[in-house]
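One letter stands for each residue in the lines below.
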Amino acid sequence: MFLLRLEQTIDRFSDLLGKIAAILFVLMLFNVFYDVVSRYLFNAVSIGMQEMEWHLFAAMFMLGIPFTLRAGGHVRVDVIYEGLALRKKAWIDLVCTLVLLIPFCLLVAWYGVDFARESFQLGEGSGDPGGLPYRWIIKSIIPFAMFFNFISGIGLMLRSINILAGRHQDDDYTPIQH
Amino acid sequence: VAAVIAPAQAAEKTYRLKLAETWPTNFGVFSHPAREMAQLAEQMSNGRLKIEIDTANKHKSAFGVFDMVRAGQYDLGHSASYYWKGKVPNTLFFTTMPFGMTATEQYGWFYYGGGMELMQKVYEPFGLMSVPGGNTGMQMGGWFRKEINSVEDLNGLKMRIPGFAGEVLAKLGASPTNIAPGELYTSLERGTIDALEWVGPSMDLRMGFHKIAPYYYTGWHEPGTELQFLINKKKFETLPEDLQKILLTAMKVSAYNMTIESHHASAENWFNMKTEFPDVQVKNFPPEVIAALKKANDELLVDAAAADPLAKEIIDSQAGYQKLIRVWTNIGERAYLNSMAEE
Amino acid sequence: MIGIIMFFAALLMLLVGFPVAYTFGGVALIFGVLAEGPDIFAFMPFRIQSIMENVTLMAVPLFIFMGIVLQRTRLAEQLLESMGQLFGGVRGGLAISTVLVGALLAASTGVVGASVVAMGLISLPVMMKYNYDKRLACGTICASGTLGQIIPPSIILIILGDVLGIPVGDLFQAAVLPGAVLVGAYLIYILVIAWAKPEMAPTIPRDDSLNRKQFYLKAVSSIVPPLALVLVVLGSIFAGIATPTESAALGGVGALILAILYRQFSVKMVMEASIETVKVTAMVFAILLGATAFSMAFSYTGGDYIVEEVLSDLPGGATGFLILSMIAILILGFFIDFVEIAFIIVPILAPVADLLGIAPLWFAILIAMNLQTSFLTPPFGFSLFYLKGVAPREVTTMDIYKGVMPFILIQILIVISIMVLPSWYGLV
Ligand code: NA
Ligand code: NA
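Everything numeric here is computed off the predicted structure, so don't read it as measured data. (Residues numbered from 1 in each chain as written. Chains lettered and ligands numbered in written order. Predicted model: local features only at pLDDT ≥ 70, side-chain atom pairs only at ≥ 80, totals over all residues. Heavy atoms only, no water.)

Contacts between the two partners involve 16 residues from chain A, matched on the other side by 19 residues from chain B. With both chains or domains summed, chain A and chain B bury close to 1500 Å², and 49% of this area falls on carbon and sulfur atoms. Of all residues in chain A, Arg39, Leu122 and Pro129 of chain A give up the largest surface area on contact with chain B, accounting jointly for 35% of the area buried on that side. Our count for the chain A to chain B interface comes out at two salt bridges. Taking the shortest distance from any N to any O, the salt bridge between Glu118 of chain A and Arg70 of chain B comes out at 2.9 Å. For the pair chain A and chain B, the interface holds eight residue pairs in polar contact (both at pLDDT 80 or more). Only α2 (47-70) and α3 (86-122) of chain A provide two or more residues apiece to the side of chain A that touches chain B. When the residues that make up the side of chain A that touches chain B are grouped by side-chain class, the tally is four nonpolar, six polar and six charged. (Contact = heavy atoms within 4.5 Å. Buried area = accessible area lost by both parts, 1.4 Å probe. Salt bridge = Lys/Arg side-chain N within 4 Å of Asp/Glu carboxyl O. Polar contact = N/O pair within 3.5 Å; in protein donor to acceptor, adjacent residues only side chain to side chain. Helix = DSSP H or I, 4+ residues; strand = E, 2+ residues; numbered from the N terminus. Nonpolar A, V, L, I, M, F, W, Y, C, P; charged D, E, K, R; others polar.)

The subject of this paragraph is the sheet that holds strand β2 (residues 49-54) of chain B. Residue and element names in this part refer to chain B. A sheet is described by the order of its strands in space; here five strands give the open sequence β2-β1-β3-β10-β4, paired in mixed fashion. In this open sheet, the two strands that pair with only one neighbour each are β2 and β4 (128-135). Within the sheet, the average angular offset between the axes of one strand and its neighbour, ignoring direction, is 25 degrees. In this sheet, strand β10 (residues 226-232) lies alongside β4 in antiparallel orientation, the contact comprising six bridges. When the bridges of β10 are listed, Met129 appears paired with Ile231. Where helix α2 (residues 32-44) meets the sheet, it contacts β1 (15-21), β2, β3 (76-79), β4 and β10, and its direction lies at approximately 165 degrees from that of β2. (Pairing = 2+ DSSP bridges. Axes fitted to C-alpha atoms, helices over the stretch in contact; angles between N-to-C directions.)

If you look at the biggest cluster of nonpolar residues, it comprises 334 residues, and the most contacted ones within it are Phe61 of chain A, Phe209 and Leu247 of chain B together with Phe41 and Phe385 of chain C. Broken down by element, the residue count for this core peaks at 20 residues, all from helix α13 (residues 267-300) of chain C. Apart from the residues within four sequence positions on either side, Leu247 of chain B is in contact with Leu17, Met37, Leu49, Ile51, Leu76, Phe236 and Leu239 of chain B. (Core = buried A, V, L, I, M, F, W, Y, C linked by side-chain atoms within 4.5 Å. Buried < 20%, exposed > 50% of the residue type's maximum accessible area, 1.4 Å probe, protein only.)

Residue and element names in this part refer to chain B. Read from one edge to the other, the open sheet built from six strands follows the order β7-β6-β8-β5-β9-β11, with strand pairing classed as mixed. With one partner strand each, in any of the chains shown, β7 (175-176) and β11 (281-283) form the two edges of the open sheet. Sheet topology places strand β5 (residues 142-144) next to strand β9 (residues 215-217); three bridges connect them, and they run antiparallel. What sits directly across from Phe144, in β9, is Tyr215.

Interpretation of this model should avoid reading the predicted coordinates in detail wherever pLDDT is low. Per-residue pLDDT for chain A has a mean of 91; in total, 94% of the residues score no lower than 70. Here residues 173-178 of chain A scores under 50 on pLDDT; set against residues more than four positions off or in separate chains, the count is 28 contacts. (pLDDT = per-residue confidence, 0-100.)

Another aspect to go through is the pairing of β3 of chain B. Residues and elements named next belong to chain B. Burial along β3 is two-sided: the residues Leu76 and His78 and Gly77 and Ser79 are all buried. The sheet contact formed by β3 and β10 spans four bridges and is antiparallel. In the sheet register, His78 faces β10, and the bridge partner there is Phe229.

In structure tokens, the structure reads:
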């Protein structure tokens, strides 16, 4: 039962990322809206607010990717997959997570750490007047999101293992749907 | 026998270097220095230096060139120093400055006025060397949808103009605006922005701005934009001394050639533009506006100098050299040009 | 050589059914690391950063949100139903409405993911409800959602303008007629297929309880608000209020205002819609991340040189060259990203075209039309993945692949017509 509980914990974590991303999206929507209105009506442009748009946007989709993995929202070519039995699907997910997903996410996360650290050490900020400082914050989203992806991938693996061990009785997991 | 052959083999060893450009593939004159440099270096070294060039279309990170060369993912870069202002503020000064030196004057500063030493002082802590990489020459002040007749006309002016020059304009009440390059045309056409600054005649014509903005203002903010070759210092030091010399010479020659080519291309493009689009109105900013811009610029430089000792050293060096060489420019070229009727 | 093996490996791995994004990334990792060592992945953060900073891509979540809100409030459904009913006895009214709405969205964005997903969310459920043939529905949505590439403003045209040295404005102007012809051709195809096979595109039954006046009143009241929203989005660009990307935010906020007016607004609804937006957006961007890893491994292992070599000497005179280069682009479009094609392949072909006296504008529009097709071509057509990502479960990848075939054929026919009749299109 430990594996089942671990799987559920990871799922909850991924869902939390989704909620954070959703809030970031709403902020981004109104950020862009505000920038348009203030520029058109008041000729007032804030480079910082303009840069905030893509900061929110980037954080939103980067954190959204691990959440979407847990929610089964990533596209699959289901020409063969769709017709397979639950156990076979579980095997595919288990093996591919191990061979494709985990190494990819970890490797990118690994190089992402250096990438963000460089920025931190340089004290990098925007090159434009009134732009945002602390570029390392948004750059660290890359290693963090990739690491969260790895964790979400572990969740998918556990799901597959639990299916193979007969701990999920029915097809309560619908990978392609939302 | 082995002992005799070994040095000969070492001399024949081929060094392969990888260069990352900030520019996309086929970016006009900007694309030429790196290629010419690579070719020259290979020929002069009798094939011992081989330089492979990746454009931004390959590495996908136009503004990652500094980091990539620094980290050794690339050995060399071709870019422009002011792009790194957000990372290292003092890199700003080695491209061009509003109301600063012309290309020729600035080369004087680089090679004989202490500019090169100051540039290395800025780049050294990051394991990098930077050398001049070709000059675009005078850049135009940008495309405007409305005339600028007074300082008041700058108030609330929405202009796409990045960096330091944007800061200068902001001081006079303008609103520098970020617009994605892909949306510049639509934004200017529709009046989402009132003005923009792009590159110079050749690149501007490719974007078609002359069809949607009636006024093309002459330059003030980039009197001589110098590109740069970036060199990973550690890698550079692994090269035998003769190859180091060859590399630097190839860079200098190709930079020189780009400067000339750019001057030529601008002249040609200007002629074509005037022939094909006689409606484009070329304007100078009125003296009152120029004076206000200059004042704002000077104030910003004072602030920058107060904030950092090395910045002060560079600003003082540039101002001192400009004062010295401008006297000669005035006696020489300015007097000559003034003495002749405009033809 | 590695590039080619890698391509086929990705193809096989995709068939296994693991998510597309991670399959691209994983295959890139295996081949990239085997050929060049792990350090090749030090480039990945830079490439990801470029996607993160690409503000034009912000249109994707913004349009998706607008689509989702319009769908949740049933405003989109009512719009399409009413438009469909207005077409009365004409079969295929729903598909025709889809193409028309798609064309309108296309005029406000140049980002394919944005419009395909928005159209998929808005119109696929409605077409399914009225028993449309799944394939026809999917094909219609993919094709009309991809129109954004040829109908200005468009990213492909901007890139081509840059690469070929043609002013963007000229290209935008030149693309209007071909774009309109393409829309017309889609409409004719739908009319013909609906007439020949009525079961594929049934008419929407009118509500018999309404008299004529009530019917038109209802139609107007359900068509006007969402259509006005789309027009506001478009209008904000033309009036100089917003850039194309920003206009999508006006659409999102506008959709929320409509929801308030129709008393369907609640914080819960907004949160649910934005979680849904995150999910669909992440699906799109995960594919972009996987694809950038894939193209990185492809080009750093020498794949771009292979492509260059094949293309550098195409035989034939002007006509032969045009035909061969279009076929080459079409085939490469099956598996290479359009940006790569524009930057790597077009510069090889352009000087030859110039030498043969082929007008650059003509050549550019041909390429743009051709590249637009590449979004639709299986197996790697991005539009197909995007639609799959928002489609209901009973729609399979195969349905989408098959559904899009007739539309690919139409596009090819239009490309041929531009090739044969450049002067009619005003391109020479
Ligand atoms: Na478009
Ligand atoms: Na394709």
